[in-house]
Amino acid sequence: QVHLVESAGGLVQAGGSLRLSCAASGSTFSINSRGWYRQAPGKQRELVAGISSGGNTNYADSVKGRFTISRDNGKNTVYLQMNSLKPEDTAVYYCYLQQGLRYYWGQGTQVTVSS
């Protein structure tokens, strides 16, 4: 079993920055990938950024050049640095961990960007 704990999100003005973290505990072995999804009101959950076990990263087109995913393996933590935030980035952000065919999810954290 894996347990994911996300840092608090927050309210930020457009153009601002925010960093989210997601700490994993439990049986954190054979991890395929980790990353972040988000879900805005009335919209489907979408992948924001992911990082594979080999360190390859991928991003949604809408966040490329603005968001950066990174990890600290020693702390079992992944980070999402969000810069140049836009009102359309407002959503609940969920971190995930893929272990084989199984996905574990964080509790979700609200990020609100005001215009």
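Preceding this section is the structure that the text describes.
Residues numbered from 1 in each chain as written. Predicted model: local features only at pLDDT ≥ 70, side-chain atom pairs only at ≥ 80, totals over all residues. Heavy atoms only, no water.

Student: Help me out: how do you make sense of the overall build of the protein in this one?
Tutor: Helices and strands together make up the secondary structure of the protein, namely zero helices and eleven strands. Along its sequence from the N terminus, the protein presents helices and strands in the succession β-β-β-β-β-β-β-β-β-β-β. Here the C-alpha atoms of the protein give a radius of gyration of 13 Å, agreeing with the 13 Å that 2.2 N^0.38 yields for 115 residues. Principal axes of the C-alpha set define a box for the protein whose edges measure 40 × 25 × 25 Å. (Helix = DSSP H or I, 4+ residues; strand = E, 2+ residues; numbered from the N terminus. Rg over C-alpha atoms; globule rule 2.2 N^0.38 Å.)

Student: Sorry, what's going on with the pairing of strand β4 (residues 33-39) here?
Tutor: Looking along a regular strand, one sees the side chains alternate between the two faces of the sheet. Here β4 lies mainly inside the structure; five of its seven residues are buried. Bridge count between β4 and strand β5 (residues 46-52): six bridges; the pairing is antiparallel. Bridge pairing links W36 to A49 in β5. In the sheet, β4 pairs with strand β9 (residues 91-99) via seven bridges, with the strands oriented antiparallel. For S33, the partnering residue across the bridge sits in β9 and is Q98. (Buried < 20%, exposed > 50% of the residue type's maximum accessible area, 1.4 Å probe, protein only. Pairing = 2+ DSSP bridges.)

Student: I would appreciate a short explanation of the side chain of R38 in the present structure.
Tutor: Checked against the element boundaries, R38 lands in strand β4. A polar contact is formed between the side chain of R38 and the side chain of S62, at a distance of 3.3 Å. Setting aside its immediate chain neighbours within four residues, R38 contacts Q44, R45, E46, V48, S62, V63, F67, E88, D89, A91, V92 and Y93. (Polar contact = N/O pair within 3.5 Å; in protein donor to acceptor, adjacent residues only side chain to side chain. Contact = heavy atoms within 4.5 Å.)

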